[in-house]
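A structural walkthrough
The lines below spell out each chain.
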Amino acid sequence: MEIVILPDPDAVARTAADIIQASLENGHAVLGLATGSTPLGTYAELIRRHRDEGLSFADAEAFTLDEYLGLPAEHPESYRSVIRREFTDSVDFPDGAIHSLDGEAPEPEAEAARYEAAISAAGGIDVQILGIGTDGHVGFNEPMSSLASRTRIKTLTEQTRRDNARFFPSPEDVPHHVLTQGLATIREARHLLLIGLGEAKAPAIAAAVEGPLAAGCPASALQLHPHTTVLVDEGAASRLEHRGYYQYTLQKKPTWQSF
Ligand code: PGA
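Reading guide: rules and limits
- Residues numbered from 1 in each chain as written.
- Predicted model: local features only at pLDDT ≥ 70, side-chain atom pairs only at ≥ 80, totals over all residues.
- Heavy atoms only, no water.
- Helix = DSSP H or I, 4+ residues; strand = E, 2+ residues; numbered from the N terminus.
- Rg over C-alpha atoms; globule rule 2.2 N^0.38 Å.
- Buried < 20%, exposed > 50% of the residue type's maximum accessible area, 1.4 Å probe, protein only.
- Contact = heavy atoms within 4.5 Å.
- Areas by Shrake-Rupley, 256 points an atom, 1.4 Å probe, with all protein chains shown as cover.
- Lys, Arg positive; Asp, Glu negative; His and termini not counted.
- Charge placed at Lys NZ, Arg CZ, Asp CG, Glu CD.
- Pairing = 2+ DSSP bridges.
- Phe/Tyr/Trp six-rings, centres within 6.5 Å; stacked < 30°, edge-to-face > 60°.
- Near = heavy atom within 4 Å.
- Polar contact = N/O pair within 3.5 Å; in protein donor to acceptor, adjacent residues only side chain to side chain.
- 1 Å grid on protein atoms, 1.4 Å probe; cavity = no way out; pocket = protein on both sides within 12 Å on 5 of 7 lines; lining within 4 Å.
- Sits in = over half its atoms within 2 Å of the grid points.
- Nonpolar A, V, L, I, M, F, W, Y, C, P; charged D, E, K, R; others polar.

1. Topic: the overall build of the protein chain
For the protein chain, the count of helices and strands is eight helices and 10 strands. A globule of 259 residues ought to have a C-alpha radius of gyration of about 18 Å, and the protein chain, at 17 Å, matches this closely. Relative to its full complement of 259 residues, the protein chain shows a buried share of 54%. A fraction of 78% describes how many contacts in the protein chain between residues 6 or more apart in sequence connect residues 24 or more apart. Taken as a whole, the protein chain presents about 11300 Å² of accessible surface, with 51% of it coming from carbon and sulfur. For the protein chain, the distance from the average position of its 21 positive side-chain charges to the average position of its 37 negative side-chain charges is 4 Å.

Here it is, written out as structure tokens:
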């Protein structure tokens, strides 16, 4: 894991956008997109680069990470809607290039299998953006998710439902069930980009990066991946025991070495 501590969320967004831009400029790119508040700055920066600097997504496609079960696709809080509103409708992805799970699929298990096959058919994900839950989840892989899990149904913890209640008219409206890419699915992406912002994420970031590999902190599964970049602001980095080493590593990073 490469841990990159940056002064503020804007610096995190610019660095994440640099990594995605490099992937886009490499030829056909398959992006893994997270929803939630964390990547919004990154998406805003990518939209700005598209508008002001001609950054193009015309040769890219994207897969979202997860979806609420039972929400119609057109519901404003379905992740299919959210990713279009917050990001993809504002850049130039080709028609049909944004792939999402169907939260209303009559057979969720078949839908999960369809999604796994679609990711494989696209050649796998090049760069997967990930936020982290206060309980250490990535995607919606809640604590005690199998480290070998594939896309499937999960039940949200009450903590996650409370965290996400801000997006819904009332806390009771947050669905209990979701479809999510599994931890093994996520680990098949070629480059994982875990973003943590703010002090509320500091315990989860510390557990993911420096804690034991354990199902109790699903994000710790990223320790098994050969190319994970963890981008954090000062707040999210505040519980890291080895932060001095990460800062030293960044200062000494060879100029030829990319993230
Ligand atoms: P957030 O959610 O970005 O809205 O904090 C992250 C997550 O739950 O994965």
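Don't stop here, the text continues.
2. Considering helix α3 (residues 79-86)
All buried positions along α3 are accounted for by Y79, S81, V82, I83 and R84. Buried positions along α3 lie against β2 (29-33), α2 (40-53), β3 (60-64), β4 (66-68), β5 (98-99) and α5 (158-164).

3. Some points on the sheet that holds β5
Pairing is parallel across the open sheet formed by seven strands, whose spatial order is β1-β10-β9-β6-β2-β3-β5. Looking at which strands have only one partner, the edges of the open sheet turn out to be β1 (2-6) and β5. Relative to β5, β3 runs parallel, the two sharing two bridges. Bridge assignment links A62 to a residue of β5, and that residue is I98.

4. Here's the deal with the packing of aromatic side chains
One pass over the full model with this rule turns up 10 aromatic pairs. Seen in terms of ring centroids, F57 and F87 are 5.6 Å apart; in terms of plane orientation they differ by 80°. Their pairing is edge-to-face. Here F57, found in the loop between α2 and β3, pairs with F87, found in the loop between α3 and β5; they are 30 residues apart in sequence, far enough to count as distant. For the pair shown, F57 and F87 are each scored as buried. For the pair Y79 and F140, a centre-to-centre distance of 5.9 Å together with 20° between the ring planes defines the contact as stacked. Pair noted here: Y79 is in helix α3 and F140 is in the loop between β6 (127-130) and β7 (152-155), with a separation of 61 residues, a long-range link. Owing to a relative accessible area of 3%, F140 belongs among the buried residues under this scheme. Ring pairs connect the aromatic residues Y43, F57, F87 and F93, which therefore count as one cluster.

5. So, the site of the ligand
Around the ligand, the neighbouring residues are G36, S37, T38, G131, I132, G133, H137, R166 and K201. At 2.8 Å, a backbone N or O of S37 approaches an oxygen atom of the ligand. At 2.6 Å from an oxygen atom of the ligand is found a side-chain nitrogen or oxygen belonging to H137. Burial of the ligand by the surrounding chains reaches 83%, relative to a free accessible area of 280 Å². With respect to the pocket detection grid, the ligand is positioned in the largest pocket. Here the shell around the ligand is composed, by residue class, of one nonpolar, six polar and two charged.

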